[in-house]
2 protein chains.
Amino acid sequence: MFAKKLRDCQTRNKSLICVGLDSDIEKIPSQFKVNGAKGVEEFNKYIISETYEYACAYKINIAFYEMLGYKGIKTLENTVEYLKTYSDIPVIIDAKRSDISNTAKAYAKFYFDYLKVDSITINPLMGVDSIEPYLEFPNSHIFALVLTSNPGANDFIIPNKLYLKILEKLRELEPKYKDQIGIVVGATQKEYFDEIVEKSEGMIYLIPGIGSQGGKIEDLKILVEKGKTMVINVSRGIIFSEDPKREIIKLREDLRGLTS
Amino acid sequence: MFAKKLRDCQTRNKSLICVGLDSDIEKIPSQFKVNGAKGVEEFNKYIISETYEYACAYKINIAFYEMLGYKGIKTLENTVEYLKTYSDIPVIIDAKRSDISNTAKAYAKFYFDYLKVDSITINPLMGVDSIEPYLEFPNSHIFALVLTSNPGANDFIIPNKLYLKILEKLRELEPKYKDQIGIVVGATQKEYFDEIVEKSEGMIYLIPGIGSQGGKIEDLKILVEKGKTMVINVSRGIIFSEDPKREIIKLREDLRGLTS
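All of these numbers come straight from a predicted model, not from anything done at the bench. (Residues numbered from 1 in each chain as written. Chains lettered and ligands numbered in written order. Predicted model: local features only at pLDDT ≥ 70, side-chain atom pairs only at ≥ 80, totals over all residues. Heavy atoms only, no water.)

We now examine the state of the cysteines. Taken as a whole and assessed by the stated rule, the structure comprises zero disulfides over all chains. This cysteine, C18 of chain A, is not joined by any disulfide, and C56 of chain A carries the nearest cysteine sulfur, 5.9 Å off. With relative accessibility at 0%, the residue C18 of chain A sits in the buried group. With no disulfide of its own, C9 of chain B lies closest to C56 of chain B among cysteine sulfurs, the gap being 6.4 Å. (Disulfide = S-S within 2.5 Å. Buried < 20%, exposed > 50% of the residue type's maximum accessible area, 1.4 Å probe, protein only.)

In structure tokens, the structure reads:
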């Protein structure tokens, strides 16, 4: 069960930091890059070995693997398998999938039956019947996009407070799928945190947007104060830094500063 | 260029019918199923040989390939390659992808650079900066979800007329990306066609929802009358029928009935 596994790992590693394995082949160091999709796998293993004692989860954005075709998907599969050898660390696939029920079920089969990851992100635009097929898998967990970190959130999500409408529908699903529904809320959207906190009791937050996208650790203070369970994702800021271990330790410290 | 390739094919094959290769391994005939991912490829080749003279496009929903892991993606790649030997038939990947710009670019690389398909579907929820990276690829084309065919459209897309807001943003992009933007409008949503027609000049329609989902060919009469360029997708209704060739010919005739 994702929620328990996450909380255990957060306690064990004293960390809320999730490492985003957005291992874009164009950006990984050249000694890995020369090996193509296989090099991405080697790079991931290096990052994992440097960070696993300080992370609460790994998030893998599938776009950077899909980009490499079937070999990229094999790399994704191998990375997930490798992470399972550190079996107490939850693995989230950032997929943002969306489709009608029949098709959503096919996606769910890949993530929860074939890859057997702990959680995935989904895009809720198509409504409740596009979300439920994921939840019907035993022990599955999803993070639904509620308020994304990018400027485009101002186009459809923020007008008419669509983010609150999404939250409302998720809450209607919650009693049936206890502990299976989390939400994605961008670190860059702090002016909306109050409203969201009020309507998201019991839901775990996945928070992108720290670092390259401009969000700051101190912006999350209110969420810490409200006792929210959070997974704070940092991708490029860790994996493409000169010293990933130093970087994640620093981020973990910055976060602890908020609680003291 | 997708628009020209599609119109040429529609004229040549006198057809607006797109065959949806939603080749769910659970549903393909057992003589194919026993061969796993390879069997899906063989099934696709059979369907293509039966239908290519009567179709205006093929749409491949990637979920049914992703479901089979890296071998499924290889099958997708081989199917696309095979379709290119019938090189004048446009290939659409139904991916409904959505992500921030950096990541959207990675998806775009897969579809337009690696697979080199003619068009893909995208989910516009995250806003304009999540859409533009696809359009920046030369000769690319997208179909953005505007009004989906499933009951869940009533959850977020129909309230507050979000579908019109999506259309508006797409129209703002249009001058910069001439002939690159199409829209997905479900056949089951005929009561909204008038409003959508008014705001979608020059945009090609991809229409799912005929058949298994309850949409009917005659519901599209107004779109035919307004001279819209349409790609009318039928998946299960053709590929899992007893006689796919007979089925697509019948659908093509039903549609012609609308114009006479």
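More follows now that the structure is in view.
Now for the interface of chain B and chain A. Counting residues at the interface gives 51 residues for chain B and 51 residues for chain A. Summing both sides of the interface, chain B and chain A together bury roughly 4,800 Å²; the carbon and sulfur share of this comes to 60%. Sorting the residues of chain B by area buried against chain A places Y70, L125 and F156 of chain B first, and these three jointly supply 17% of that buried surface. Summed over the shared surface of chain B and chain A, the number is six salt bridges. Applying the counting criterion to the chain B and chain A interface returns 27 residue pairs in polar contact (both at pLDDT 80 or more). (Contact = heavy atoms within 4.5 Å. Buried area = accessible area lost by both parts, 1.4 Å probe. Salt bridge = Lys/Arg side-chain N within 4 Å of Asp/Glu carboxyl O. Polar contact = N/O pair within 3.5 Å; in protein donor to acceptor, adjacent residues only side chain to side chain.)

Next up on the list: the pattern of salt bridges. Scanning the entire structure with this criterion turns up 40 salt bridges over all chains. Salt-bridge contacts for K4 of chain B lead to D8 of chain B; the nearest nitrogen and oxygen are separated by 2.6 Å. Of the two residues, K4 of chain B and D8 of chain B are both situated in helix α1 (residues 2-12); the distance of four residues between them amounts to about one turn of the helix. Accessibility expressed as a relative area gives 54% for K4 of chain B, which makes it exposed. Here the salt bridges do not stand alone but share partners, grouping K59, D94 and K96 of chain A together with D99 of chain B into one network. (Helix = DSSP H or I, 4+ residues; strand = E, 2+ residues; numbered from the N terminus.)

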